[in-house]
Amino acid sequence: MRDRVKGYLKRILPPTTLMLDRRVDQLLEENRVLRDRVGEVSQELSVIRAELYSLRADSLRERIRERSSTELEGSPETVVSIASYGPRVPFIAPMIESLGRQSIRPDRAFLWLPTKDFPGGVDDLPADVLCALYDANVEPRFVGEDLGPHNKYFWTMKAFSESVVVTLDDDVRYPKSLLERLLDAHRAWPAEVVAMRARVIAVEDKRPAPYETWPLELGDLVGRPSFGVVGTGVGGALYPPHCLDDHVFDIEGIRSACPRADDLWLKIMSVIAGTMTVCPTGDCPLDYLPGTQETALCDENLYQGGNDAQLAAILEYVSAFTDVGDILRKISETV
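These figures come from a predicted structure and were not determined experimentally. (Residues numbered from 1 in each chain as written. Predicted model: local features only at pLDDT ≥ 70, side-chain atom pairs only at ≥ 80, totals over all residues. Heavy atoms only, no water.)

### Digging into unusual backbone geometry
Glycine aside, negative phi is the norm for most residues, and most peptide bonds take the trans geometry. Although it is not a glycine, Asn137 sits at a positive phi angle of roughly 60°. Secondary-structure assignment places Asn137 in the loop between α4 (127-136) and β3 (139-143). The residue Asp205 is not glycine, and still its phi comes out positive at about 55°. Residue placement: Asp205 occurs in the loop between β7 (203-204) and β8 (207-208). (Helix = DSSP H or I, 4+ residues; strand = E, 2+ residues; numbered from the N terminus.)

### Overview of the sheet that holds strand β4 (residues 164-168)
The 7 strands lie next to each other as β3-β2-β1-β4-β10-β5-β11, forming an open sheet whose pairing is mixed. At either end of the open sheet lies a strand with only one pairing partner, and these are β3 and β11 (277-278). Bridging between strand β1 (residues 78-83) and β4 involves 5 bridges; their strand directions are parallel. Residue pairing for β4: Ile82 is matched across the bridge by Leu168. (Pairing = 2+ DSSP bridges.)

### Section: the packing of aromatic side chains
Counted by the stated rule, this structure contains 9 aromatic pairs. Here Tyr317 and Phe321 contribute two aromatic rings whose centre-to-centre distance is 5.6 Å and whose plane-to-plane angle is 75°, an arrangement assigned as edge-to-face. (Phe/Tyr/Trp six-rings, centres within 6.5 Å; stacked < 30°, edge-to-face > 60°.)

### Notes on the pairing of β3
Within β3, 4 of the 5 residues are buried, which leaves the element mostly enclosed by the surrounding structure. Direction of pairing for strand β2 (residues 108-114) relative to β3: parallel, over a ladder of 5 bridges. Bridging from a neighbouring strand, Trp112 pairs with Arg141 of β3. The β-α-β motif built from β2, the intervening α4 and the parallel element β3 has right-handed crossover chirality. (Buried < 20%, exposed > 50% of the residue type's maximum accessible area, 1.4 Å probe, protein only. Right-handed = clockwise from strand over helix to strand, strands pointing away.)

### Quick word on a nonpolar patch on the surface
A cluster of nonpolar side chains, Ile48, Leu52 and Leu55, forms an exposed patch at the surface whose accessible area comes to about 310 Å². Within the fold, Ile48 resides in helix α2 (residues 18-67). Classification of Ile48 as partly exposed rests on a relative accessible area of 44%. (Patch = residues over 30% accessible without salt bridge, like charges linked within 9 Å, V, L, I, M, F, W, Y side chains within 5 Å. Areas by Shrake-Rupley, 256 points an atom, 1.4 Å probe, with all protein chains shown as cover. Salt bridge = Lys/Arg side-chain N within 4 Å of Asp/Glu carboxyl O.)

### Thoughts on the packing of helix α3 (residues 93-100) against α4
The interhelical angle for the contact between α3 and α4, taken along N-to-C directions, is 10°, at an axis separation of 8 Å. Overall, the two elements α3 and α4 adopt an arrangement that is roughly parallel. Across the interface between the two elements, Ala93, Ile96, Glu97 and Gly100 from α3 touch Asp128, Val129, Ala132, Leu133 and Ala136 from α4. In terms of residue class, the contact of α3 with α4 is made up of 6 nonpolar, 1 polar and 2 charged. (Axes fitted to C-alpha atoms, helices over the stretch in contact; angles between N-to-C directions. Parallel < 35°, antiparallel > 145°, perpendicular 65-115°, else oblique. Contact = heavy atoms within 4.5 Å. Nonpolar A, V, L, I, M, F, W, Y, C, P; charged D, E, K, R; others polar.)

### Overview of the pairing of β4
By the criterion of burial, β4 is predominantly enclosed, with 5 of the 5 residues buried. Every second residue of β4 is oriented toward a common face, with Val164, Val166 and Leu168 on one face and Val165 and Thr167 on the other, all of them buried. With 3 bridges joining them, β4 and strand β10 (residues 237-239) adopt antiparallel strand pairing. Considered in β10, the bridge of Val166 is made with Leu238.

### Description of the nonpolar core
Membership of the largest hydrophobic core comes to 47 residues, with the highest contact counts inside it found for Trp265 and Val318. Counting residues per element, this core draws most heavily on helix α8 (residues 262-272), at 7 residues. Each residue touching Val318, except ones within four places of it in the same chain, is listed here: Ile268, Met269, Ile272, Val324 and Ile327. Counting residues in hydrophobic clusters, the runner-up holds 41 residues, among them Phe118, Val166, Leu182 and Leu289. (Core = buried A, V, L, I, M, F, W, Y, C linked by side-chain atoms within 4.5 Å.)

### Side note on the side chain of His186
Structurally, His186 is set in helix α6 (residues 178-188). Taking relative accessible area as the criterion, His186 reaches 15% and is therefore assigned buried. Leaving out residues up to four positions away in the same chain, His186 has contacts with Val164, Val194, Leu238 and Pro240.

### A look at α4
Every buried residue of α4 is accounted for by Val129, Leu130, Cys131, Ala132, Leu133 and Ala136. Count one or two residues on from α4 and you reach Asn137, which has phi positive near 60°.

### Comments concerning helix α11 (residues 324-333)
Val324, Ile327, Leu328 and Ile331 are the residues of α11 that are buried. Down the axis of α11, the sector holding all buried residues measures 90°, keeping them to one side. Buried positions along α11 lie against β7, β8, α8 and α10 (306-318). Its side-chain oxygen at 2.9 Å from the backbone nitrogen of Gly325, Asp323 defines the N-terminal cap of α11. (Arc of directions from axis to C-beta. Polar contact = N/O pair within 3.5 Å; in protein donor to acceptor, adjacent residues only side chain to side chain.)

### Quick word on the environment of Pro290
As for its position among the elements, Pro290 is in the loop between β11 and α9 (298-303). A relative accessible area of 65% means that Pro290 is categorised as exposed. Taking the C-alpha atoms as reference points, Pro290 and Ile92, 198 residues apart in sequence, are found 9.3 Å from one another.

Okay, here's the thing in structure tokens:
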């Protein structure tokens, strides 16, 4: 680095003396000292920020506890539903903060958490997460029956069957226009599932091809309701009331067929109910939160064949009460 700087200066300045070399060395040393000091200040600010979060969280904890114990009743027009779990929660405050900055706010919002990961309830949540929950008006809820990724929709849809439910993943920072865009699309297609990010179900011989071959590029299916489009959930998805078959709440079916593939379970249940999925835009960049991808499902589900095995199990499960051939025909005919 030093030699490059010297070489550059010698090319643009007149013939120089040893003084230039000494001045370059001095500037480089000052830059190093400044860089180290910036790092030290950043660490000090992080400590101060953590202390401030802790102090504020102590004052908010009881109010959040009261909020999380209110009854799940009524029919709010729009409900946002999120789920997380132990190893992920320390990283999710920015996601919750992004929900609080939405241009349109939901009537209620929930963060579902397994009791086994948080036996102390609200007391076990990180201070920055508690502050973000309070500011964004998100209610933490703790469930003894942990359904993994299905917690994201299950308990909210069960409690609010007449509401529009928007599901969000916990590992992404969302743009402030997300909820507004979902609701705009819902007004255009009120009976369909709306997903901001989706795949096209690739078909071979009238059956789904391996999941990893399903394209993210929707082509002429952008803005077009289709049985052949499946929302991937991570970009945000909207479910109108009664858009899913009632078997969606079969806990034993979930556990046996697809414990880790909630998107596929919801897709098949929507097709059975005669509901299509629409992706209003083909452009949905994702702002993943640092630290969240070490525990992500995508490696197992996408690259290790997990989604293929679970989709086969879902189709086997639904064959007991519906015509699987009809499901596959609907998917094939609209791709």
